[in-house]
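# Coordinates in review
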Amino acid sequence: MLRTLVLGRSLWKSSDFSVSVKQMWGTPRSHPLRPERRCSQGPCVQRNQTDTGHPLWKGPVCVPGGTRQSPINIRCRDSVYDPRLKPLMVSYAAESCLYVWNTGYFFQVEFDDSTEGSGISGGPLENHYRLKQLHLHWGAVDTWGSEHTVDDRAYPAELHLVHWDAARYRSYKEAVLGESGLAVIGVFLQLGAHHEPLQKLVEVLPEVKHKGAQVAMGPFQPSCLLPACRDYWTYPGSLTTPPLTESVTWIILKEPVQVARNQLASFRTLLFSAPGEEEKAMVNNYRPLQALMNRKVRSSFRPMEEGMRF
Ligand SMILES: [Zn+2]
């Protein structure tokens, strides 16, 4: 089954790519610009204390020489509406879903990327990008967990759909290191109604509790996880997990999707740890905010249509 969706308008020029960063975890704290994470919803001092999280995300987290790192705080007033933006087309095949596994950072759903069966095009992208995987980031509590923030507001969780440019690269691994090799759609999750399509993922989580665990999935349509409104922000950024390469065109959807509290809580039953290791709950698996530096966030919608009513 193929479903095609229009995600808005965008035009992307990849002229401001900077040199890819190298592996950085464990490097000294040499970066002078590390914004503090603030939000309007919760005690962000607590949010910045990731004692219960994975060591990967313990700050300060920086990349020497990095100029387009992610995630960032999106300031609505500073984002620029770009009327040249083309419609972004999303076309996913449920049959391309392969399996779910615990990466040790989060749970991840893998898709068959050997053909153009599932992918996105248009919008800020010059080529068709194939869907490789999707995963989520979440907090220890309901008041934070998203990687990106909007006007300093954090959401409880954030979904990432990761795509790569098969027109210019031979594999996902090559695209990770290449200029504009990846395109990631970000979707915010907020507490509200039960999300039925998400429940299919929630129900397999007990089988991937430990790091490295894997379970096969039947057909799964990832576009069911997208919100109805296709407005988005786009900016040039990086992966938020190693190798943190600056190869990502981010497409952050403005409208969050609703999930039930117990669905969000099920994420926290997973473990960072492998069998036999000391059990460590998988929570706060988001990277700290990074400096915007010399970047502009563009929007596919007019500022007066923002409707940022939180
Ligand atoms: Zn992610």
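Described below are features of the structure shown in this document. Just so we're clear, the structure is a prediction, and the values are computed from it rather than from any experiment. (Residues numbered from 1 in each chain as written. Predicted model: local features only at pLDDT ≥ 70, side-chain atom pairs only at ≥ 80, totals over all residues.)

## Focus: the pairing of strand β6 (residues 107-111)
Stated formally: Partly exposed residues are those whose C-beta has more than 12 but fewer than 20 other C-beta atoms within 10 Å; with 20 or more the residue is buried, with 12 or fewer it is exposed, and the C-beta atoms are placed from the backbone. Helix and strand definitions follow DSSP, with helices as H or I runs of at least four residues and strands as E runs of at least two, each counted in order from the N terminus. For two strands to be treated as a pair, DSSP must find at least two bridges joining them.
Burial along β6 is one-sided: Phe107, Val109 and Phe111 are buried, while Gln108 and Glu110, pointing the other way, are not. Inspection of the sheet shows strand β5 (residues 97-102) paired to β6 by five bridges, in the antiparallel sense. By the bridge assignment for β6, Asn102 is matched with Phe107. Here β5 hands over to β6 after four residues, with Gly104 in that stretch at a positive phi of 95 degrees. Bridging between β6 and strand β8 (residues 129-138) involves three bridges; their strand directions are antiparallel. Considered in β8, the bridge of Glu110 is made with Gln133.

## Notes on the pairing of strand β7 (residues 119-122)
In this sheet, β7 lies alongside strand β4 (residues 86-93) in antiparallel orientation, the contact comprising four bridges. By the bridge assignment, Met89 is partnered in β7 with Ser121. Here two bridges tie β7 to β8, and the two strands are oriented antiparallel to one another. Paired with Gly119 across the strands is Arg130, a residue of β8.

## Brief notes about the environment of Leu270
Rules: In this description, a residue-residue contact is defined by the distance between C-beta atoms placed from the backbone, which must lie within 7 Å.
Of note, Leu270 is situated in the loop between α4 (261-267) and β16 (298-299). Of the residues examined, Leu270 has 23 C-beta atoms within 10 Å and is grouped as buried. With eleven residues separating them in the primary sequence, Leu270 and Ala281 have C-alpha atoms 6.1 Å apart. With sequence-adjacent residues up to four places away left out, Leu270 is seen in contact with Asn102, Phe107, Leu205, Val208, Lys209 and Met282.

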